[in-house]
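A structural walkthrough
Here's the letter readout for the chains.
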Amino acid sequence: MPTPFLSSEEYDERAHQLYNEGQYDEALDVLREGLSLYPNAVELHIGVGYARVAREEYAWARRSFEEALILDPDHEDALAGLGETLLKFGQTEAAVKSFRRILELGYQDDVDLMLQSGRALFREGLIDEAKEFFEIAVQQSPDSAEAIACVGYAQHRLGDDEGAIATLRRALQRDSDHTEARIYLGNVLYDRGEYEAALYHLDRTTPDDHWDELGIWRLVELKKSIYRLKDDDSELKAWDERLSELAGDPDDIDEMLAEIEQRAADAESNDAKGQLELFGALLSDLAGQKEDEEGIVEQPLALPAAQHRIIREGREFNGTWEEIVSSMRDANAAYAGRSLSEFMMTEARRGFSITGVEIPTGDAESFIRGSADAGLLRIVR
């Protein structure tokens, strides 16, 4: 039953508290109750919009923000929410227009709103536009480590690694406990081959600071290589446990699908093996016939190249040895435009500096097997 003695502001405040606690369903119930009593309360419509966004119900969220803007066409929070939902529907031009309307209304001094708008644009790949909002936030709050770090993220995505490193270091000078910036900086330094600097930053984080596996894989790799730790070293236990948490335990459906996929793969592999054996026998018969008839042995047709799978820094690569090395190169923007031989030689030097193990670079297979021997990757098949 609605509680008539509560004002629309009190409903909004209750819902806000539930939203901040991650109780989106309960927040939505409170907002609906409030709207049944105060249908023209702009803040309640906006609250419904953001609760819908949190539940990834973007069509309903858009409707709520549009209803709020009918009641108040210049409400900054409704404009930001509408822009966020428009991006989800690919309506980029309209979304950017909605965000820019906030600037036209003079809300540059609302740092949280500038960061919210910038992050929404950043998530959808509109990095130049995102950087503009992040820079406005820094102008308004020069000591905000969060705002400074966001500029650094955008610089990195735009290919300005030098600028990103300097900016992220500046953010950490403002707040040394800004773990998101420290992890990001560690990964950028790792990609540039500055492994000791990368370890310096990654080693100043805790397992619970990480919500992505990449930084942990890299930290563990660097600890093993530089500190010569073994796989079962107690210092790595907490990091291994966090990796398991992030990977998650498969539920019954996941396990069933994995089993079906494995059976299909085995059947396909066995079928392919049988076909190859039959094909080889046919080729031998044909070659024998040719030799009997003409005294000439034809060269057999080339069989398909073997497929392999490796895991490197938590990422999986599949294909022939050459395809795997090519994929490894293309996964790192620092090697854009370089040949495979350049990539292998550079990575071999990096591997030697970390492990002291020389890695051959004469061909793709030797390079991968040598990297596996050095502990830099794992060959699955």
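Going along each chain's sequence as written, the residues are numbered from 1 onward. At least 70 in pLDDT is required for a residue's local features to be given in this predicted model, at least 80 for side-chain atom pairs to be given and counted, and no such filter applies to totals for whole chains, interfaces and linings, which use all residues. To obtain the side-chain values, all non-hydrogen atoms of the structure were used and water was disregarded.

Spatially, 3 strands are ordered S2-S1-S3 in an open sheet, and the strand pairing comes out antiparallel. Since the sheet does not close on itself, it has two edges, and those belong to strand S2 (315-319) and strand S3 (378-379), each with one partner. Contact between two residues is taken to exist if any of their heavy atoms lie within 4.5 Å; hydrogens are not considered. Axis definition: a line fitted to C-alpha atoms, limited for helices to the stretch in contact. Angles are taken between N-to-C directions and run from 0 to 180 degrees. Helix and strand assignments come from DSSP, with helices taken as H or I runs of at least 4 residues and strands as E runs of at least 2, each series counted from the N terminus. Sheet strands touched by helix H16 (residues 321-330): strand S1 (308-312), S2 and S3. Its angle to S2, the strand with the most contacts, is close to 145 degrees. For two strands to count as paired, DSSP must find a minimum of two bridges between them.

Time to look at the pattern of salt bridges. Any Lys or Arg side-chain nitrogen located within 4 Å of an Asp or Glu carboxyl oxygen qualifies as a salt bridge. A complete count under the given rule lists 25 salt bridges for this structure. With a closest N to O distance of 2.8 Å, Glu-57 and Arg-55 form a salt bridge. Note that Glu-162 and Arg-192 form a salt bridge whose closest N and O atoms lie 2.7 Å from each other. Highlighted residues: Glu-162 in helix H10 (residues 161-174) and Arg-192 in the loop between helix H11 (179-191) and helix H12 (195-202), separated in sequence by 30 residues. The network of salt bridges with shared partners includes Asp-25, Arg-52, Arg-55 and Glu-57.

Turning our eyes to something else, we now look at the pairing of S1. The alternating pattern of S1 places His-308, Ile-310 and Arg-312 on a buried face and Arg-309 and Ile-311 on a face that is not buried. The pairing of S1 with S2 spans 5 bridges and is classified as antiparallel. Counterpart to Arg-312 in the pairing with S2 is Arg-315. Here 2 bridges tie S1 to S3, and the two strands are oriented antiparallel to one another. Each bridged residue has a counterpart across the sheet, and for Ile-311 the counterpart in S3 is Arg-378. Only protein chains enter the accessibility calculation, which uses a 1.4 Å probe; a residue whose area is less than 20% of its type maximum is buried, one above 50% is exposed, and one in between is partly exposed.

Before going further, it helps to examine empty space enclosed by the protein. Of the two site types, the cavity is a set of points on a 1 Å grid over the protein atoms alone where a 1.4 Å probe fits but cannot get out, and the pocket is an open set with protein on both sides within 12 Å along at least five of seven lines, each lined by residues with an atom within 4 Å of a point. Grid points are joined across faces, edges and corners, and a volume is the space filled by probe spheres set on the points. Inspection of the entire model under this criterion finds 1 cavity of 30 Å³ or more. Looking at the largest cavity, its volume works out to about 50 Å³. Lining the largest cavity are Arg-312, Met-328, Glu-347, Arg-350, Ile-359, Phe-367, Ser-371, Leu-376 and Leu-377. For the lining of the largest cavity, the secondary-structure elements that each account for two or more residues are helix H17 (340-355) and helix H18 (364-373). The residue classification treats Ala, Val, Leu, Ile, Met, Phe, Trp, Tyr, Cys and Pro as nonpolar and Asp, Glu, Lys and Arg as charged. All others, Gly included, are polar. A per-class count over the lining of the largest cavity returns 5 nonpolar, 1 polar and 3 charged.

Right, let's get into helix H13 (residues 213-226). Helix length check: H13 (14 residues) gives 20 Å between terminal C-alpha atoms against 20 Å at 1.5 Å per residue, within 8%. Within the span of H13, buried status applies to Gly-215, Ile-216, Arg-218, Leu-219, Val-220, Glu-221, Leu-222, Lys-223 and Ser-225. Near the N-terminus of H13, the side chain that reaches the backbone nitrogen of Leu-214, with its oxygen 2.8 Å away, is that of Asp-212. Following H13 by one or two positions, Arg-228 has its phi on the positive side, about 60 degrees. Helix span is expected to be 1.5 Å times the residue number reduced by one. Nitrogen and oxygen atoms within 3.5 Å of one another constitute a polar contact, given that in protein one can donate a hydrogen and the other can accept it, and given that sequence-neighbouring residues count only through two side-chain atoms.

The way to describe two aromatic rings as a pair is by their centre distance and the angle between their planes. Pairing of aromatic rings covers Phe, Tyr and Trp, the last counted by its six-membered ring, and requires centre-to-centre distances within 6.5 Å; plane angles under 30 degrees mean stacked, over 60 mean edge-to-face, and any other angle means tilted. With the rule as written, the count across this model stands at 8 aromatic pairs. Residues Tyr-190 and Tyr-195 carry aromatic rings whose centres are separated by 5.1 Å and whose planes lie at 75 degrees to one another, so their mutual orientation is edge-to-face. Tyr-195 carries the same exposure label as Tyr-190, and that label is buried. Whether a charge sits over a ring comes down to the Lys NZ or Arg CZ being within 6 Å of the ring centre and within 35 degrees of the ring normal. The positively charged end of Arg-157 is found above the aromatic ring belonging to Phe-122, 5.0 Å away from the centroid.

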